[in-house]
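Survey of secondary and tertiary structure
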Amino acid sequence: MRKIILSTESGADIPGDLAEKYDIQVVPMHIIMDGKDYLDGDLPVQEIYEYYGRTKKIPSTTSTNAHEYQEFFTKIRENFPDCIIVHIGYTSKASSSFQNAVIAVEEFEDIFLIDALNVTGGLAAIVLYAAELLEKEPHIDPEHLVEKIESIVPKSRLAFIPGSLEFLKAGGRVSNMASLIGTLLKIKPCIELKDGKLMSTKKYRGKMGGAAEKLLSDYLTHFNIDRKQLYFIYSVGLEDSIKQRMDELAKENGFHNIRWIQAGGMISTHSGAGGFGVAGLEQ
């Protein structure tokens, strides 16, 4: 029986221990800072915030290109000869990365591509669902596995509060005026994935601790999330007291497993320090 290997982009923010456990292969996206190209994962997130603190400039990001995908898939085949690759990609509505993967696989056989229409924890939830399914059913037919993954894509729900409106403004998510007013009034927008697109939905006022609690309450009220697993996403700088409170609330709401995921460079460049998010799969 041929081995099935899962792959995704660095924008999924898959924790390293889980990537290793499930042999999940991760291709890096890019962060551009001061004209220099860094691979996402090689650049410590803290350096992004320190750079902004010094220069008031926010790095830009670019997708994985087709040539990089060709090298990536080739390396997987070298490490896992005769394997079948199932690539679960970063939403095509916010990056050209998935389309570049489509171009790259024209030169390969037995590679399945799935547009997850999600990012960070929402993408990670889908990839880890696939990994757990594959662990339980290692001899599953590839086409059947792909069908199961595709059926879960619309059930992955992500909502997050960026740590900085300045970073959102730089990414084109809010205007200069909205950013200024939001900062003055201490308004924190909630960003959700709608049909694969990042959209500002609700607005919360006040400190991050209270906003995070309101976000989780609204999230669990609106979505019937499977209580087996919940993912919390944070960017560097989120207070430990907020993390502890979120853990308490998740347990009070019946979640059996809670996993914290640190936003990597790709996501942090758009959200700023101290952000908080939640992701899970609907029942």
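Values in this document were obtained by computation on a predicted structure and should not be read as measured data.

Scoring rules and cut-offs
Here, residues in each chain are numbered from 1, in the same order as that chain's written sequence. Only residues with pLDDT of at least 70 are given local features in this predicted model, and only at 80 or more are side-chain atom pairs given and counted; all residues enter the totals for whole chains, interfaces and linings. Note: side-chain values were computed over all heavy atoms of the structure, leaving out hydrogens and water. pLDDT expresses how confident the predictor is about each individual residue, on a scale running from 0 to 100. Two residues form a contact once any of their heavy atoms are found within 4.5 Å. A run of DSSP states H or I qualifies as a helix once it reaches four residues; a run of E qualifies as a strand once it reaches two. Both are numbered from the N-terminal end. Here the term buried applies to any residue with accessible area under 20% of the maximum for its type, exposed to any over 50%, and partly exposed to those in between, with areas from a 1.4 Å probe on protein chains only. Only protein atoms enter the 1 Å grid used here, on which a cavity is any set of points holding a 1.4 Å probe that cannot leave and a pocket is any open set flanked by protein within 12 Å on both sides along at least five of seven lines; residues with an atom within 4 Å of a point are listed as lining. Grid points are joined across faces, edges and corners, and a volume is the space filled by probe spheres set on the points. Residue type decides the class: Asp, Glu, Lys and Arg count as charged, Ala, Val, Leu, Ile, Met, Phe, Trp, Tyr, Cys and Pro as nonpolar, and the leftover types, Gly among them, as polar. We call two strands paired when DSSP finds no fewer than two bridges between them. For Phe, Tyr and Trp, where Trp contributes only its six-membered ring, two rings pair if their centres lie within 6.5 Å, and the inter-plane angle classes them as stacked under 30 degrees, edge-to-face over 60, or tilted in between. Whether a charge lies above a ring is judged from NZ of Lys or CZ of Arg, which has to be within 6 Å of the ring centre and within 35 degrees of the ring normal. Only buried Ala, Val, Leu, Ile, Met, Phe, Trp, Tyr and Cys residues count toward a nonpolar core, and they belong to the same one when joined by side-chain atoms within 4.5 Å. Between N-to-C directions, angles span 0 to 180 degrees; the directions come from axes that are lines fitted to C-alpha atoms, helices contributing only their stretch in contact.

**Considering the confidence of the model for the protein chain**
Predicted confidence across the protein chain gives a mean pLDDT of 92, with 93% of residues reaching 70 or more. Across residues 173-185, where pLDDT falls below 50, the model places 15 contacts with residues more than four positions away in sequence or in other chains.

**Focus on the environment of Leu117**
Note on placement: Leu117 falls in the loop between strand E7 (111-115) and helix H5 (120-136). Looking at Leu117, the relative accessible area reads 29%, which means it is partly exposed. Considered as a pair, Leu117 and Lys93 are 24 residues apart in the sequence and their alpha carbons are 7.1 Å apart. In contact with Leu117, other than residues within four places in its own chain, are Gly89, Thr91, Ser92, Lys93, Val153, Leu193, Asp195 and Gly196.

**Topic: the layout of surface pockets**
Roughly 400 Å³ of internal volume is contained in the largest pocket. Contributing to the lining of the largest pocket are 15 residues, with Tyr129, Glu132, Asp226, Lys228 and Leu281 lying nearest its centre. Mapped by element, the contributors of at least two residues to the lining of the largest pocket are H5 and strand E13 (276-281). It is H5 that provides the largest number of residues to the lining of the largest pocket, a total of six residues. Looking at the lining of the largest pocket, its residues break down into seven nonpolar, three polar and five charged.

**So, the pairing of strand E9 (residues 187-194)**
The buried count for E9 comes to seven of eight residues, which makes it a mostly enclosed element. Bridge analysis of strand E8 (residues 156-161) against E9 gives two bridges, and the strand direction is antiparallel. Of the residues in E9, the one forming a bridge with Ala159 is Glu192. Direction of pairing for E9 relative to strand E10 (residues 197-205): antiparallel, over a ladder of seven bridges. Directly across from Ile191, in E10, lies its bridge partner Ser200.

**Points about the packing of aromatic side chains**
Per the stated rule, a full pass over the model turns up eight aromatic pairs. Where Tyr219 meets Phe223, the ring centres are 5.4 Å apart and the plane angle is 65°; that geometry is what we call edge-to-face. A relative accessible area of 2% means that Tyr219 is categorised as buried. Of the residues examined, Phe223 reaches a relative accessible area of 9% and is grouped as buried. Ring geometry for Trp260 versus Phe276: centroids 6.1 Å apart, planes at 55°, classification tilted. With Trp260 in strand E12 (residues 258-262) and Phe276 in strand E13, this residue pair connects regions lying 16 residues apart in the sequence. By relative accessible area, which is 1% here, Phe276 ends up buried. Of the aromatic side chains, those joined through ring pairs into one cluster are Tyr69, Phe72, Phe73 and Phe108. Sitting over the ring of Tyr234, Lys243 keeps its end group 3.7 Å from the ring centre. A cation sits over an aromatic face here: Lys243 above Trp260, 6.0 Å from the ring centre.

**Points about the nonpolar core**
Counting residues in hydrophobic clusters, the biggest one holds 45 residues, and the most contacted among them are Ile14, Ile24, Val86, Ile88, Leu145 and Ile149. With ten residues, H5 is the largest single contributor of residues to this core.

**Here's the deal with the sheet that holds E7**
Taken in spatial order, the four strands line up as E2-E1-E6-E7 in an open sheet, and their pairing is parallel. With one partner strand each, in any of the chains shown, strand E2 (25-27) and E7 form the two edges of the open sheet. Ignoring strand direction, the axes of neighbouring strands in this sheet form an average angle of 25°. The sheet contact formed by strand E1 (residues 4-9) and E2 spans three bridges and is parallel. The residue of E2 that forms the bridge with Ser7 is Gln25.

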